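# Examining the three-dimensional arrangement
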Amino acid sequence: MDSTGVPHILEHTVLCGSEKYPCRDPFFNMLNRSLSTFMNAFTANDFTMYPFSTQNGKDFQNLLSVYLNAVFFPCLREQDFRQEGWRLENTNPTDPSTPLVFKGVVFNEMKGVFSDNERVFAQHLQNKLYPDHTYSVVSGGEPLAILDLSWEQLRQFHATHYHPSNARFFTYGDLPLEQHLQQIEEEALSKFGNISPNTEIPPQPRWSSPREDHVTCCPDALAPDPARQNTLCVSFLLGDVTDSFEAFTLSLLSSLMISGPNSPFYKTLIEPKIGTDFSSVVGYTDGTKEASFSVGLQGLAEDDTERVKSIISETIDDIIESGFEDERIEALLHSIEIQIKHQSSNFGLALASYIGSFWNHDGDPVELLQINQRVSKLRRALKENPRFLQDKVKFYFKENPHRLTLSMSPDQNYLEKQIQAEKEKLQTKVGALSESDRKEIYDRGLELLAAQSETRDASCLPTLKVSDIQPTIAGDAVQLGSTGGVPVQFCEQPTNGLVYFRAVCGLNSLPEDLQLYVPLFCSVITKMGGGDLDYRQQAQQMELRTGDMSASWHIVADPAHLDKYEQGVVLSSSCLERNLPHMFQLWSDVFDSPHFEDEERLRVLVMMSAQELANGIAPSGHSYAMLRAQRHLIPCGELAEKFGGMEQVKFMKQIAETTDLSRVIRTLGQIKKHVLSPDGMRCAVNATPQTMSDAAAQLESFMKDATKNKREWKPVNLNISQRPLDPLDVHGPTAKLVYDPQFQPWEMKTFFPMPFAVNFISERIRTVPFCHQDFASLSVLGKMMSAKFLHREIREKGGAYGGGALVRDGLFTFFSYRDPNSDQTLSAFRRSIDWAKSGQFSQQDIDEAKLSVFSAVDHPVSPANKGLTRFLSGVTDEMKQQHRERLFAVDHRSLVEAAERYLGMGQRTRGVAILGPENERFNKDPSWIVK
């Protein structure tokens, strides 16, 4: 029991080759030899899951065979352990005079994970709340502890844990179950006897009195208030997760206590603006044998920590005394009803995750799925004892001595201490080496490099053929009409009694100086109150009557023209059929009179939004790098950076620091006048055939009401192009696209120094739009370069957690994430282009890349989202079919030509962006802009 990350490193290593499939890296090879809609593996607190999904029966058998053999009969080669886990190696493996350093995929992955302060806090909280067994260690691996794991320990862990007696098998779908069971029996179970794995997790010994602890983290320069970067959280140990009714009750109770502006803790902790948001761990958590409940704040001043402790205690007392309104309980039960009815495209995988922890601790998974029975039981319990929930609060929170109060504060030297600790660990290990040890390390480094560089023979692996792919798409049946003068797309689907509504509202008339405020407008427009409802009443009605109501910014390049794009705001909501009038009434309130003038409410939302943006950089740094890299390559790049990039993060930090929000309130009101108007608006409705006419009638009533706000705004940009919503009706309704006839792309390289241990990198090259004949070749090229070159160079040799190439929005995009390198990775991007231009790839390589492309193209779409691609981006079924035929036609010559035409240096304009640790090289290089 330690933090060496042995289950996590084993998860990586078993996928590197097995008895039946001894080639290097069957997992990554199968990504390109199947039509899988999902393939992955992940390590939780106390189990590892190996999930996959596909829509093809033959593919299912292939993947099941590879996964079964990998898990139960892996090669576990030492070389794979050194690549995936950790190793000592010369900085340049071919030069023994270069310094020895630590390398390894999981080592770098976990350095990236713990560059995120939220993850640091969450990990400490769990380790300290469950200090007496497996939950007291880091299952993913603490970076410096990883360096103590040996190959022998890895093999021993597999021998004692990876046995069918310690495994659970889950399948979902419409293929015959008998075939799955027979294959599992023949390929795995029949080769083992029964054992007692002895992996049950004992209960955590209960404390007789509460405990307190403190940890430190790295300061965040982008925090909304640099002087308030403390976190405090109180966490309570609850009951066993296998008591399904008790777990259901506590989960509901958690939502009543913390979810939304009507919850007690929101009122007492968030609204007084003591902190910026709830702590990173908040609410009910069931990823351990015994669940927990946590509540606290981040973005605190150090002086306020005692005050927060008192507030939490007082709020619990108030709940015990006053309880909850019946309407709030009904609202939460309504949201459960919607969750049950909503069909996602990955329902089976979501189900596997939902039952994973419960089943792992020997709970009955079928019992867990009987949600309606638990709802009925809860209603009976509330009827028999109106104080049922209050008694639970008293027992689990007031009278529970197993309670941890954890605080976290920034340490200005945190990063330096981490770097120093790694240096000392390195010095200790290097200092103990003899000359023969050094020679062995050098030789093994060369051996690994040779293995990584050699041509792979994956012929032992099963594969689909391109001929297994359906030649035509099924298509989405949509009807185009209009309501109240606004174009509407109707899509009849088996939505299980739900209605899904979307609207695109144009931004073409919005003055440029208001653009930076649009994401904030989207964030708050459904949370400020509207009409006769204040924000609390509005939130209550939304929970009671809808699945959700939200707004998001919308920038989409035209599928046929790289320099044209649509800009707008997308409104989204869903509801049960019976609640259609209520949902549209709530939208009418938002359109008519949103309550922007409530400055106190707005300040709370601003602080939460700014904190969320600052917290989001560490886990998604490559997305920010991509947005910055495209900034000057396409006309919509500047706006996308304003809405979703580092510019928006910094802007929201400034707004959060503003003492007077009156200007912001005026600006939001101005944006509302431009956006929430039928002029430049179009809608989409997905519902059952039986409900569609009622949905259309309710929408018409809403549009009549909205027409009161109609005003004719002149576009700010006079260069507006009209794209028919129906390509066969050129005189019908249109989408209004912006273009700039003067636009000239230009190159820019940007570096953002961040308090991270790893880099996030993107290089993007301007190419062609979706409808261009070469887009198919570039799509296949991206997959092939990723699988056959970049994976080897960036992940295997470079040690990054991930990287690759893809084509998106007309831009050929290179990326890497949690990457210890920068220059080496940029060099790998360039060399991958040379490799593609040289044509050193086979027909098998091309076919595998096509399979990978088609697995994404043919990804399942839920009834809620059918027709949505057409509605949001204008990509019709005819365009998809033409693209499909071009994909089939891609050949060796077209790939080489595409690489030469678009990717070669000097051929097309490119942009580069990196977020990562301080790097003197970029400071000294005048071609880089350092932010």
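In what follows, the structure referred to is the one given above.
What comes next concerns the included structure. Predicted model only: the values in this text are computed from it and were never measured. (Residues numbered from 1 in each chain as written. Predicted model: local features only at pLDDT ≥ 70, side-chain atom pairs only at ≥ 80, totals over all residues. Heavy atoms only, no water.)

### Considerations on the packing of helix H29 (residues 775-797) against helix H34 (residues 892-903)
Here H29 crosses H34 at 95°, and the two axes come no closer than 9 Å. As summarised for this structure, H29 and H34 are arranged roughly perpendicular, according to the angle between their axes. Facing H29, whose interface residues are Ser777, Leu778, Val780, Leu781, Met784 and Met785, H34 presents Ser894, Leu895, Ala898, Ala899, Tyr902 and Leu903. Class assignment of the residues belonging to the contact of H29 with H34 gives a composition of ten nonpolar, two polar and no charged. (Axes fitted to C-alpha atoms, helices over the stretch in contact; angles between N-to-C directions. Helix = DSSP H or I, 4+ residues; strand = E, 2+ residues; numbered from the N terminus. Parallel < 35°, antiparallel > 145°, perpendicular 65-115°, else oblique. Contact = heavy atoms within 4.5 Å. Nonpolar A, V, L, I, M, F, W, Y, C, P; charged D, E, K, R; others polar.)

### Some remarks on the nonpolar core
Of all hydrophobic cores here, the largest spans 137 residues; its most connected members are Met257, Phe265, Phe397, Phe501 and Val685. Once you skip the residues sitting within four places of it in the chain, Phe501 turns out to touch Leu571, Ser572, Ser573, Met583, Phe584, Trp587, Cys683, Ala684, Val685, Leu699 and Phe702. Counting residues in each nonpolar core, the second largest holds 65 residues, with Cys23, Met110, Leu154 and Cys218 among its members. (Core = buried A, V, L, I, M, F, W, Y, C linked by side-chain atoms within 4.5 Å. Buried < 20%, exposed > 50% of the residue type's maximum accessible area, 1.4 Å probe, protein only.)

### Notes on the environment of Pro219
Structurally, Pro219 is set in the loop between strand E7 (211-217) and strand E8 (230-240). Taking the C-alpha atoms as reference points, Pro219 and Pro733, separated by 514 residues in sequence, lie 52 Å from one another. Setting aside residues up to four positions removed in sequence, Pro219 forms contacts with Gln229, Pro410, Asp411, Gln412 and Pro755.

### A look at the pairing of strand E20 (residues 734-739)
Looking at chain direction, strand E17 (residues 564-576) and E20 are connected through two bridges and run antiparallel. In the strand pairing of E20, Tyr565 is matched with Val738. Note that strand E19 (residues 720-724) and E20 share five bridges and pair antiparallel. Considered in E20, the bridge of Pro724 is made with Thr734. (Pairing = 2+ DSSP bridges.)

### A few points about the packing of aromatic side chains
Following the criterion strictly, the structure yields 37 aromatic pairs and no others. An angle of 50° between the planes, with centres 6.1 Å apart, marks the rings of Phe521 and Phe596 as tilted. Highlighted residues: Phe521 in helix H20 (residues 518-524) and Phe596 in the loop between helix H22 (580-592) and helix H23 (599-616), separated in sequence by 75 residues. Classification of Phe521 by relative accessible area gives buried; the value is 1%. Taken together, the aromatic side chains of Phe27, Phe28, Phe52, Phe60 and Tyr67 make up a single cluster linked through ring pairs. In this structure, Lys377 packs its charged tip against the face of Phe245, placed 4.5 Å from the ring centre. When the ring centre of Tyr739 is taken as origin, the NZ or CZ atom of Lys564, which lies over that ring, is 5.7 Å away. (Phe/Tyr/Trp six-rings, centres within 6.5 Å; stacked < 30°, edge-to-face > 60°. Lys NZ or Arg CZ within 6 Å of the ring centre and 35° of its normal.)

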